[in-house]
Amino acid sequence: MTASSLHTTTPDGRPGLRNWRELMKPQRLAAMQPSRLSGTRAMMNRMIREKWDIQLQRFDVDAEARGTIVYSIRTPRQEFSFIAFSLTPKREGRTGRIIGRAWDMMGTLNEGPATEADIERAREDLPKLYRGRASENALVWCRSNRSMRVFETVLEALSDGRQPSVDDLNTVCYLMRNTGLDGNGTFGTRSFPSINTGEHDLGGMLEAQLLLAYLMRELSCDLVEHLARLRSDRAVTLNPALRSYLGVGNGSALGLIFFIQKHPRLLNSWLSARETAVAAALGLELGKGDARIDTLIGLIRRAVRFRSEDTMMYETFTASSQVAQDLASLLPALEELHDGGTIDGQAVRFPLDMLARRAEAALAPESYESFLSLCMELVPDEADALAATVSGADEMAVNPRMTAGALIDLLEDEYAWALQMDMSAENAQDYIWYKSETAEEPRRGLRAEVPEARDLGLDIPGQVQLLHSDLGGVPDDLPMAHFLLSHPHHRLMVARAQSLEGLPFHTPHANINAGDFVPIDLVRLMNVALHGIDKTRDYLQRNLRGVLYHGAPTREAIRAGEGADWFYPEEPRA
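Cut-off values and rules
- Residues numbered from 1 in each chain as written.
- Predicted model: local features only at pLDDT ≥ 70, side-chain atom pairs only at ≥ 80, totals over all residues.
- Heavy atoms only, no water.
- Helix = DSSP H or I, 4+ residues; strand = E, 2+ residues; numbered from the N terminus.
- Rg over C-alpha atoms; globule rule 2.2 N^0.38 Å.
- Buried < 20%, exposed > 50% of the residue type's maximum accessible area, 1.4 Å probe, protein only.
- Contact = heavy atoms within 4.5 Å.
- Areas by Shrake-Rupley, 256 points an atom, 1.4 Å probe, with all protein chains shown as cover.
- Lys, Arg positive; Asp, Glu negative; His and termini not counted.
- Charge placed at Lys NZ, Arg CZ, Asp CG, Glu CD.
- Phe/Tyr/Trp six-rings, centres within 6.5 Å; stacked < 30°, edge-to-face > 60°.
- Lys NZ or Arg CZ within 6 Å of the ring centre and 35° of its normal.
- Pairing = 2+ DSSP bridges.
- 1 Å grid on protein atoms, 1.4 Å probe; cavity = no way out; pocket = protein on both sides within 12 Å on 5 of 7 lines; lining within 4 Å.
- Points joined across faces, edges and corners; volume = space filled by probe spheres on them.
- Nonpolar A, V, L, I, M, F, W, Y, C, P; charged D, E, K, R; others polar.
- Patch = residues over 30% accessible without salt bridge, like charges linked within 9 Å, V, L, I, M, F, W, Y side chains within 5 Å.
- Salt bridge = Lys/Arg side-chain N within 4 Å of Asp/Glu carboxyl O.

## Remarks on the overall build of the chain
No. 1: Helix and strand content of the chain: 24 helices and 11 strands.
No. 2: For the chain, the C-alpha radius of gyration of 25 Å lies close to 25 Å, the compact-globule estimate for 574 residues.
No. 3: Counting only C-alpha atoms, the chain reaches 85 × 65 × 45 Å along its principal axes.
No. 4: Residues classed as buried in the chain amount to 58% of the 574 residues present.
No. 5: For the chain, contacts bridging at least 24 residues in sequence account for 74% of all contacts bridging at least 6.
No. 6: In the structure as shown, the chain presents an accessible area of about 23600 Å², 49% of it carried by carbon and sulfur atoms.
No. 7: Looking at charge distribution, the chain has the averaged site of its 63 positive side-chain charges lying 4 Å from that of its 79 negative ones.

## So, the packing of aromatic side chains
No. 1: All told, the structure shown has nine aromatic pairs when counted by the stated rule.
No. 2: Through a chain of ring-to-ring contacts, the aromatic side chains of Tyr130, Trp141 and Phe187 assemble into a single cluster.
No. 3: Arginine 444 extends its terminal NZ or CZ atom over the ring of tyrosine 431, reaching a point 3.9 Å from the ring centre.

## Points about helix H22 (residues 491-499)
No. 1: The buried fraction of H22 amounts to seven of the nine residues, a majority that puts the element mostly inside the structure.
No. 2: Buried residues along H22 sit in contact with helix H10 (255-262), helix H11 (264-282), helix H18 (404-414), helix H20 (460-471) and helix H21 (480-486).

## Let's talk about the pairing of strand S6 (residues 174-183)
Side chains on a regular strand alternate between the two faces of the sheet.
No. 1: Among the 10 residues that make up S6, eight are buried, leaving the element largely enclosed by the rest of the structure.
No. 2: Inspection of the sheet shows strand S5 (residues 138-146) paired to S6 by seven bridges, in the antiparallel sense. For asparagine 145, the partnering residue across the bridge sits in S6 and is arginine 177.
No. 3: Strand direction decides the pairing type here: S6 and strand S7 (residues 247-252), joined by three bridges, are parallel.

## Some words on the layout of surface pockets
To locate leftover empty space, one rolls a probe as large as a water molecule over the atoms.
No. 1: Taken as a whole, the second largest pocket encloses approximately 510 Å³ of empty space.
No. 2: Lining of the second largest pocket is provided by 25 residues; of these, Arg46, Gly204, Glu207, Ala387 and Ala388 occupy positions nearest its centre.
No. 3: The element that contributes the greatest number of residues to the lining of the second largest pocket is helix H3 (residues 39-50), accounting for six residues.
No. 4: Looking at the lining of the second largest pocket residue by residue, the class counts come to nine nonpolar, 11 polar and five charged.

## Let's talk about a negative patch on the surface
No. 1: A cluster of acidic residues, Asp409, Glu412, Asp476 and Asp477, forms a negative patch at the surface.
No. 2: As for its placement among the helices and strands, glutamate 412 is situated in helix H18.

## Looking at the pattern of salt bridges
No. 1: Counted under the stated rule, the structure contains 46 salt bridges.
No. 2: Close ionic contact of glutamate 152 with arginine 231 constitutes a salt bridge, the shortest N to O distance being 3.3 Å. Of this pair, glutamate 152 sits in helix H5 (residues 148-159) while arginine 231 is found in helix H8 (residues 207-231), placing the two residues 79 residues apart along the sequence.
No. 3: For arginine 231, a relative accessible area of 47% translates into the label partly exposed.
No. 4: Across the salt bridge formed by arginine 447 and aspartate 455, the nearest N and O atoms sit 3.5 Å from each other.
No. 5: We classify arginine 447 as partly exposed; its relative accessible area is 28%.
No. 6: Counted as one network, the salt bridges with shared partners bring together Arg217, Glu218, Asp222, Glu225, Arg243, Arg555 and Glu556.

In structure tokens, the structure reads:
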């Protein structure tokens, strides 16, 4: 794969959007890194900019960690409440999967201030989980578990009147991990379309879930401090730098593949916004002494330090030490650009575009994508405005007037990648996607081992090829209304192809049933690039573990409008 196959140039010579035919390959998508358009970063930037007021209103928790916790969240136009119930940790039934039977915290994010009726309703229904029913003002239900070892280590240190060591925190970088953020109608919570309006302060993509994840971080720190005070008169609170350094643990698996398939417009909207921001940054005309070059140099140095301090073990992903080395290799060219206005002695109109092309050709994919993410910080206003436009309705409809010939032309252009796949190859249909009978968890297994399973995955290449073949057997001028009367099984793919026409970034170019498909590639796209999770590690090539809000400011800093440079945190020093 050559560098020129990915980067493009517009007719007027400026950097264009990257080539979607290359970008939508799973291995490309998997390499994308957190950026200003990632959910956690965009959400935190907005909270800081608007100075959201988060207050702890109630903390009735005993020495066994049993009790009720309530937070108030005031945004520019609304008030929300986080009602949580802390539970005594149990060893039995603990798991990050939905089949868990024991959690250390359960909670709900509601519209409006918390009333006693809200609290008691949540206390009754949250433990029932699938048998429970959310109140009409509930946006998201959540569950979390402690990192038993790190939580206890921090508790012991604070109780003893001292701060925990950074080395102890670095083993996971969190006190609690998210084991469930359920909204958009789950358990009776408010549906996303009902709040996806300009009138709701949590109406953007995953904003309610992202706020609740941050509140988990705050709760975990408040809880460990509270328990330390109950344990000892000598107890101290967490140093603010350590508190900010901690994030929230997160684990995600195969269910995100279904999310990608179910929300193609949303994926296209987000990737379009991201790629537009990338092109805007690469299109900056930077010369000698430009302060923005200094800014980028500082950002790269911060990223190099963050990666150099990272002690996580990455089984199959590029090591942080390699990413640090790659990013550092870009600094001499940027320093020459700042001091003399040239790169390798030559004046260049779009120097960042030149460096990006070099990085794509020479560096590890994660290093190259990290550079692009940092470049976006040079166009903050444009990037933030693009983040605010991300949306996408799920509904798809058939255009009954489109002719068979027109649809064939559409498929041969926009789905050439699917038509070119060899679906008769030996391993092309090895796997099937299904849900387990006991836990309804998404799973991927060998088709021969679960012959009775119903395939829940959307076989886009296979269905496109069948549709294309059947269209070839009817007159070119046959309308879709007539075609679908005799071929009703193609309705879904016809509606999908028609509804997504002209959108370049809606579908990863993959056969998810193939033996060589790597599910973790698309899980990484969602967790790392879209959600903004740091320090992600894979488990068995299908589960991803990482840290949300690593380095995020405290609620006091947010209230003061401080902490906008929180990402890639430096290890706190004694």
